[in-house]
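Each chain is listed here by its residues.
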Amino acid sequence: MTNDVELSSMRGRFARNFWIRSLVISAIMYNALNVALRIWYKEKNPEFYTDDLKLSDYTLFGNAQDINLIYLSVVIKTVRKDTRE
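Residues numbered from 1 in each chain as written. Predicted model: local features only at pLDDT ≥ 70, side-chain atom pairs only at ≥ 80, totals over all residues. Heavy atoms only, no water.

1. Thoughts on the overall build of the protein
Note the threshold: By the criteria applied, helices consist of DSSP H or I runs no shorter than four residues and strands consist of E runs no shorter than two, each listed in order from the N terminus. Note on classification: 1.4 Å probe, protein chains only; a residue is buried when its accessible area is under 20% of the maximum for its type, exposed when over 50%, partly exposed between these limits. Contacts are assigned to residue pairs that have any heavy atoms within 4.5 Å of one another. Computed with the Shrake-Rupley method and a 1.4 Å probe, the accessible areas treat only the protein chains shown as cover for residues.
Along the protein, the regular secondary structure elements total 3 helices and 0 strands. Scanning the protein from its N terminus toward the C terminus, one meets helices and strands in the order α-α-α. Sorting the 85 residues of the protein into buried and exposed places 16% on the buried side. At a minimum sequence separation of 6, the contacts of the protein that also span at least 24 residues come to 47%. Total accessible area on the protein stands at roughly 7,300 Å², and carbon and sulfur atoms take up 65% of it.

Rendered as structure tokens:
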């Protein structure tokens, strides 16, 4: 079975198709999850989103631009919490 060239090429083709499909599906699902969470976060904290966002800003590619914004919001909330005590 392992020496059969035709079956080994078929197994390779099946494996490549499986991993390509799994990568595409996971990329779509992670982007959809990120869009949903970004919309939820924007509604929860509108003061951090003063300008209108494009569709690409809601996806994973927009995370690199907004990671500092989210970090700053956590720091600001922590500072406010510490000053109230």
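2. A closer look at helix α1 (residues 5–44)
Note on helix geometry: an α-helix contains 3.6 residues per turn, so any two residues three or four positions apart are oriented the same way. We count it as follows: A helix is expected to span 1.5 Å multiplied by its residue count minus one.
With 40 residues, α1 extends 58 Å between its outermost C-alpha atoms, agreeing within 8% with the 58 Å of an ideal straight helix rising 1.5 Å per residue. Within α1, the full set of buried residues consists of N31, N34, R38 and Y41.

3. Section: a nonpolar patch on the surface
Filter applied, for reference: A patch is a set of surface residues, each over 30% in relative accessible area and not in a salt bridge, joined within 9 Å for like charges and within 5 Å for the nonpolar side chains Val, Leu, Ile, Met, Phe, Trp and Tyr. By definition here, a salt bridge exists when the distance from a side-chain nitrogen of Lys or Arg to a carboxyl oxygen of Asp or Glu is within 4 Å.
Nonpolar side chains collect at one region of the surface, where I20, V24, I25, I28 and M29 lie side by side and expose about 510 Å² of accessible area between them. Checked against the element boundaries, I20 lands in helix α1.

4. Considering the side chain of N31
Locating N31 in the fold gives a position in helix α1. Those residues within four positions of N31 in sequence are excluded, and the remaining contacts are T59 and L60.

5. So, the confidence of the model for the protein
What counts here: Known as pLDDT, the predictor's per-residue confidence is scaled from 0 to 100.
When the pLDDT values of the protein are averaged, the result is 77; 69% of them are 70 or greater. In the model of the protein, helix α3 (residues 63–84) stands out as the element of lowest mean pLDDT, 60, in contrast to α1, which has the highest, 88.

6. A look at the environment of G62
Within the secondary structure layout, G62 lies in the loop between α2 (55–58) and α3. Considering only alpha carbons, one finds G62 and R38, 24 residues apart in sequence, at a separation of 9.9 Å. Excluding residues within four positions of it along the chain, G62 makes contact with R38, S56 and D57.

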